[in-house]
Amino acid sequence: MRELSLFTGGGGGVLASKLLGHRVVGYVEWEPYAQEVIRQRIADGHLDAAPIFGDIRAFVRDGYARAYRGMVDLVSGGFPCQPFSVAGKRAGHADERNMWPATVEVLREVRPRFAFLENVPGLLTCADERGRPYIHTVFGDLAELGFDCRWGVVGADDAGAPHRRKRLWIVGRMGHAEQPPAHAHAARG
């Protein structure tokens with residue numbers, strides 16, 4: 001499976017992807033230090049050699065996202081959680097760090113068969129501009145693109161770790177290659 005990684009960080013998530021047999025064909029990470037870590041992991045053979053892009057908004061604006069159309073089976077990413085976290089101000093849609101709009105734009109341009117997304121459980125309750133939980137925006141955007149989604153909250157403690165660190169995980173599968181099905185929906189499962 002060919003994967004485009006968004007918000008790659010230091011590459012921990014894509015190391016797991018490699019264990020699954022995925023081939024990463026691009027990394028999008030704005031933090032210079034994390035980019036250096038990715039470069040080093042590529043140099044030492046732990047990560048796949050692939051381009052490293054900076055700001056996701058420039059990745060879309062400058063046409064790089066569209067260039068990946070037809071080359072990617074899976075787009076993965078943990079878009080920044082600060083706008084939704086209970087540890088912050090929970091400004092959600094109004095927070096300049098909200099990168100969901102750029103994330104959905106990458107999905108729209110790339111058109112992968114699968115999306116694998118991660119965030120904090122606060123995304124389920126943080127309000128959008130209409131006062132609804134922001135997750136309605138996320139699932140609505142994914143359904144509009146033709147993704148059938150399943151989600152759940154899983155923490156490190158669920159895997160036996162001594163701490164909780166709960167995370168919201170969303171898996172989306174394209175309902176049809178080019179046209180969203182009339183019944184596209186998001187469901188917990």
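Residues numbered from 1 in each chain as written. Predicted model: local features only at pLDDT ≥ 70, side-chain atom pairs only at ≥ 80, totals over all residues. Heavy atoms only, no water.

**Q** Got a sec to walk through the pattern of salt bridges? Specific residues and values, please.
**A** Enumeration according to the criterion identifies 16 salt bridges in this entry. A salt bridge links Asp48 to Lys18; its shortest N-O distance comes to 3.0 Å. Here the residue Asp48 occupies a position in the loop between helix H2 (32–43) and strand S3 (52–53), and Lys18 occupies one in helix H1 (residues 12–19), the gap between them amounting to 30 residues. Residue Asp48 is classed as buried on the basis of its relative accessible area of 16%. Judged by its relative accessible area of 30%, Lys18 falls in the partly exposed class. (Salt bridge = Lys/Arg side-chain N within 4 Å of Asp/Glu carboxyl O. Helix = DSSP H or I, 4+ residues; strand = E, 2+ residues; numbered from the N terminus. Buried < 20%, exposed > 50% of the residue type's maximum accessible area, 1.4 Å probe, protein only.)

**Q** Explain the side chain of Thr103 residue by residue, including any values.
**A** Within the secondary structure, Thr103 sits in helix H5 (residues 100–110). Among residues more than four places away in sequence, those in contact with Thr103 are Leu6, Phe7, Ile56, Phe79 and Leu117. (Contact = heavy atoms within 4.5 Å.)

**Q** Describe the packing of aromatic side chains, naming the residues involved and giving the relevant values.
**A** Scanning the entire structure with this criterion turns up nine aromatic pairs. A ring pair is formed by Phe53 and Tyr68, whose centres lie 6.1 Å apart and whose planes are at 80°; its orientation type is edge-to-face. Of the two residues, Phe53 is situated in strand S3 and Tyr68 in the loop between helix H4 (64–67) and strand S4 (74–77); the sequence distance between them amounts to 15 residues. An identical accessibility class is assigned to Phe53 and Tyr68; each is buried. Judged by centre distance (6.0 Å) and plane angle (45°), the ring pair of Phe59 and Tyr68 falls under tilted. Residue Tyr68 is classed as buried on the basis of its relative accessible area, which comes to 6%. Among the aromatic residues, those joined into a ring-pair cluster are Phe53, Phe59, Tyr64 and Tyr68. (Phe/Tyr/Trp six-rings, centres within 6.5 Å; stacked < 30°, edge-to-face > 60°.)

**Q** Hey, could you go over the pairing of S4 for me, with residue numbers and the actual values?
**A** Because side chains alternate across S4, one face comprises the buried residues Leu74 and Ser76, and the other comprises Val75 and Gly77, equally buried. Looking at chain direction, strand S1 (residues 2–6) and S4 are connected through four bridges and run parallel. Considered in S4, the bridge of Ser5 is made with Ser76. In this structure, S4 lies alongside strand S5 (residues 114–119), joined through four bridges in parallel fashion. Considered in S5, the bridge of Ser76 is made with Phe116. (Pairing = 2+ DSSP bridges.)

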